[in-house]
Structure formats: structure tokens, C-alpha cells
Amino acid sequence: MPTAKLAVTLPDSIWIAELSTRFPEATWRVLAALPDGDTGVGLVEITAEDIGTLLSQLDETEGVRVFEVLHRGDDRALVQFETDEPLLLLSIRNSRAPFEPPVTVRDGVANLEITASRDRLSSLGDQLRTFGLEFDVRSIRTSLDPDSVVSEEQRQLIETAVGRGYYDTPRECTLTELADHLDIAKSTASERLHRAEGAIIRAFVDDTEF
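Along each chain, residue indices are assigned from 1 in the same order as the chain's sequence is written. In view of the model being predicted, local features appear only for residues whose pLDDT reaches at least 70, and side-chain atom pairs are presented and counted only at 80 or more, with totals across whole chains, interfaces and linings using the full set of residues. Only hydrogens and water are set aside when side-chain values are computed; all heavy atoms of the structure are taken into account.

### A short note on the pairing of strand 2 (residues 27-36)
As a reminder of what qualifies: The pairing criterion is simple: DSSP has to find at least two bridges between the two strands. In DSSP terms, a helix is any run of H or I states spanning at least four residues, a strand is any run of E spanning at least two, and both are numbered starting from the N terminus.
For strand 2 and strand 3 (residues 39-47), the ladder comprises nine bridges, and the chain directions are antiparallel. Paired with Ala32 across the strands is Leu43, a residue of strand 3. When strand 2 meets strand 6 (residues 103-106), the two strands line up antiparallel, connected through three bridges. Looking across to strand 6, one finds that Val30 is bridged to Val103.

Structure (C-alpha cells):
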């Protein structure tokens with residue numbers, strides 16, 4: 001299943017975009033968030049040199065219905081909030097993609113990581129555009145579950161081939177040497193490797209086409 005890292009540019013009209021732009025060195029880490037109708041509630045850790053000034057600005061910001069400082073240190077605070085501008089949260093909810101905290105916001109840009117099927121990732125992109133949120137895909141990686149792709153015998157064969165250097169460049173182990181180590185015919189080793197490699201490649205292609 002693919003995991004995508006996105007950088008979402010938040011509209012200036014949203015309170016967290018406005019404040020994070022006003023305090024560009026501050027880091028906002030959304031640790032938890034939950035949609036509640038058209039509003040959202042969440043828990044955010046804010047790190048800033050002038051945390052007192054930032055919190056006073058937060059108290060005067062439109063878009064934040066309620067906020068409560070749960071903990072405060074010299075340069076950070078843990079804040080619970082309720083907002084009527086949860087555009088990013090609604091986008092994630094409507095796409096049915098799982099929320100994976102923390103979401104980090106700095107200088108008007110939210111960075112998040114989503115693991116979901118390609119259909120739900122595509123739906124998330126559509127939802128972000130619907131809410132007027134521009135985004136960049138920073139990276140995509142695919143995590144394959146070996147047990148669902150190859151048999152136990154194929155998995156052990158691939159692991160042995162990797163361990164003995166068959167896939168190194170240059171190769172540390174030839175097909176003949178691998179077959180001798182496994183005590184099977186060279187043609188059998190070749191056929192089994194080909195089948196296992198084909199299954200892995202097909203699963204990879206299927207999981208990354210979105």
C-alpha cells in the first residue's frame with residue numbers, strides 16, 4: 001500500500017495559516033484531530049521563541065472558537081482547540097484516508113503523511129482541490145506485504161538469493177552457486193526465482209499506479 005508525503009499550502013484566510021505565517025519560525029505539530037460536523041477539535045503542540053505573544057494572538061484570532069492551554073513551557077505550549085475552519089481535516093475525512101499524526105505546520109504549509117489505497121489517495125487529492133488547498137507530493141513509497149505477494153517458499157528463496165549476493169552488482173553468487181546451495185537443479189532455481197520476481201513486480205506496479 002502506498003504512503004504519500006504531502007505539503008499542503010493553506011489559504012491565508014485560515015487562522016493557522018495566518019498565524020504560522022506571522023510567526024514563520026514557529027512549529028505547529030497537530031497531535032490529534034477529529035471532525036465534528038463542520039467544525040473540528042484538535043490537540044496541537046506549538047514551539048516558538050515568543051510563545052506568550054503567539055498565544056495572545058491565538059486568543060484574538062477568528063476561526064478558533066475555543067482553545068485551552070493544557071501545558072506551557074518557556075518556548076512551547078500544548079493547546080486543545082476547536083475551529084470552524086477544519087478544511088484539511090474535512091478533506092481527509094471525506095476521502096476516507098486515515099489521519100496519521102503528527103501533521104506539522106510551518107509558515108503556512110502543512111506537511112502530512114498518508115498511507116492508503118491509490119483510490120483513496122486520489123480521492124484525497126480531489127478533496128483538497130475542492131476545498132481550495134494546493135499541494136505538492138513530496139514522495140511516494142510502497143510497502144508490500146510479502147505474505148500476501150509470495151508464498152513462504154518463494155520468500156525464503158528470495159531472502160537466500162539476497163543474502164548470498166545474487167542481486168548484488170556485480171553478483172557475488174551465480175545462479176548455479178545458488179542452486180547448489182539450495183540443493184536444487186539450476187533450471188528449478190531459475191523458474192522459482194522468475195515466478196517470485198514476477199509476483200513482486202506485479203504487486204509493486206499495481207500498488208503504485210494511481
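The structure having been displayed, the exposition proceeds.
### Looking at unusual backbone geometry
Peptide bonds are, in most cases, trans, and in most cases residues other than glycine have a negative phi. To keep things clear, this is the line we draw: Exposure is judged per residue with a 1.4 Å probe applied to protein chains only, and the accessible area is read against the type maximum: over 50% gives exposed, under 20% gives buried, and values in between give partly exposed.
Of note, the bond from Pro101 into Pro102 is cis; its omega dihedral lies within 30 degrees of zero at 0°. With an omega of -5°, the peptide bond between Thr169 and Pro170 qualifies as cis. Residue placement: Pro170 occurs in the loop between helix 6 (152-163) and helix 7 (175-182). The backbone phi angle of Asp107 is positive, close to 50°, even though this residue is not glycine. Assessed through its relative accessible area of 40%, Asp107 is described here as partly exposed. In this structure, Asp183 is a non-glycine residue whose phi angle is positive, near 60°. Mapped onto the secondary structure, Asp183 falls in the loop between helix 7 and helix 8 (186-208).

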